[in-house]
Amino acid sequence: LHSQNQHTLARLTTMPSSTGVACVLLLAVVVALAGVAAAAEGTDSAVFLDDNGDLHITSKPGMAVIVNNVNISALLDRLAVLESIVFPTTTTTSTTSTSTTSTSTTLSPFAARLVINSTDRSACTGAWKTASTNIGTLCLRVDSVPGCGSIFVTPSRPYTTVTGWVTLYQFGSCDAFAPDAAFATVGDSLSIWASSSNTILWDYAVGITAYDGPSPHQGRCPASGGSFPSAALSTFWSCASGTSASDNLVNQELYSTPLFGPTKSFTRTLLNSSTDQIELRICLDQDAANENIYVGEVFIQAT
């Protein structure tokens, strides 16, 4: 842009857009020039469009530049400030041939990802709900009768590896892999599955430490003398208890000890890639007044 007697407006086909005052000034000039009707006086004035698409307005010293009955001489001088403005740009990397154009796109490194924590419990929907407790807001099953409740994560592409961890809290007398449990394969637990193929990825079981009946009790975790899980789980499980030897196992009590957490993370690598939904399944063999599992945190990702 030139601001003295010769005024060169921006190349109309390539001028970048802007915001604020600069955009308003430029738009006003472009709109005015769309209906340009210049009657330049004398041989020292001219209006022309050059081969590069630049519109030139040249005037004699002191002569006004009139466009649609508006004197834009001062405006053209002020437009020179646009030369110092840095416009935001978006860079796209592309490869072009005579027949095709391809643009590279950076994909997420995760085929699926789920995060539940104290600031985001939006995934606790469907068969899960949130509840305010003495520990804070936690997630749990909607149903209060014995059974399972699941939430699902849909992958965006095939995956072969799933990693993650959970933080759970025990309510009442969860009894891990007790053989009389209706869900003895996974026990009272939060288990993680590749859903359609019913492939177990990991099982986080919750047991008891103290019991007011005969000892040893089968509902304890295996490390405390309780029953071991079904062979179907192989080694893909962890077990912990939120109770201590001094607890009286009051059924209506939510124990404040966090179970598992990042130090008990898992990694499962599948033999073949999968597009199965990743299922998080809470199962309990007694009603919610007797036992329950509350979810504090979940971190799952598939690649």
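Structure report, in brief. (Residues numbered from 1 in each chain as written. Predicted model: local features only at pLDDT ≥ 70, side-chain atom pairs only at ≥ 80, totals over all residues. Heavy atoms only, no water.)

This paragraph deals with the state of the cysteines. Under the defined criterion, the tally for this structure stands at three disulfides. There is a disulfide in this structure between C124 and C139, and the S-S distance comes to 1.9 Å. Because the torsion about its S-S bond is 80°, the bridge between C124 and C139 counts as right-handed. Placement of C124 in the loop between β8 (112-116) and β9 (128-132) and of C139 in strand β10 (residues 137-141) is noted, with a sequence separation of 15 residues between them. Given a relative accessible area of 7%, C124 falls into the buried group. Covalent S-S linkage joins C148 and C283, the inter-sulfur distance amounting to 2.0 Å. Disulfide C148 to C283: torsion about the S-S bond roughly 110°, handedness right-handed. Of this pair, C148 sits in strand β11 (residues 147-153) while C283 is found in strand β18 (residues 278-284), placing the two residues 135 residues apart along the sequence. Overall, C283 belongs to the buried group, its relative accessible area being 2%. Cysteine pairing for the protein chain, with bonded cysteines counted in sequence order: 1-2, 3-6, 4-5. (Disulfide = S-S within 2.5 Å. Helix = DSSP H or I, 4+ residues; strand = E, 2+ residues; numbered from the N terminus. Buried < 20%, exposed > 50% of the residue type's maximum accessible area, 1.4 Å probe, protein only.)

We now examine the packing of aromatic side chains. Overall, the coordinates contain eight aromatic pairs when judged by the stated rule. With 6.4 Å between their ring centres and 25° between their planes, W165 and F299 make a pair best called stacked. In this pair, W165 is assigned in strand β12 (residues 159-172) and F299 in strand β19 (residues 291-302), connecting sequence segments 134 residues apart. Taking relative accessible area as the criterion, W165 reaches 18% and is therefore assigned buried. Judged by centre distance (5.6 Å) and plane angle (80°), the rings of F177 and W237 are edge-to-face. In this pair, F177 is assigned in the loop between β12 and β13 (189-194) and W237 in strand β15 (residues 237-241), connecting sequence segments 60 residues apart. Looking at R268, its charged tip hangs above the ring of F236, at a distance of 3.7 Å from the centre. Positioned above the aromatic ring of W193, the side-chain terminus of R281 is 4.2 Å from the ring centre. (Phe/Tyr/Trp six-rings, centres within 6.5 Å; stacked < 30°, edge-to-face > 60°. Lys NZ or Arg CZ within 6 Å of the ring centre and 35° of its normal.)

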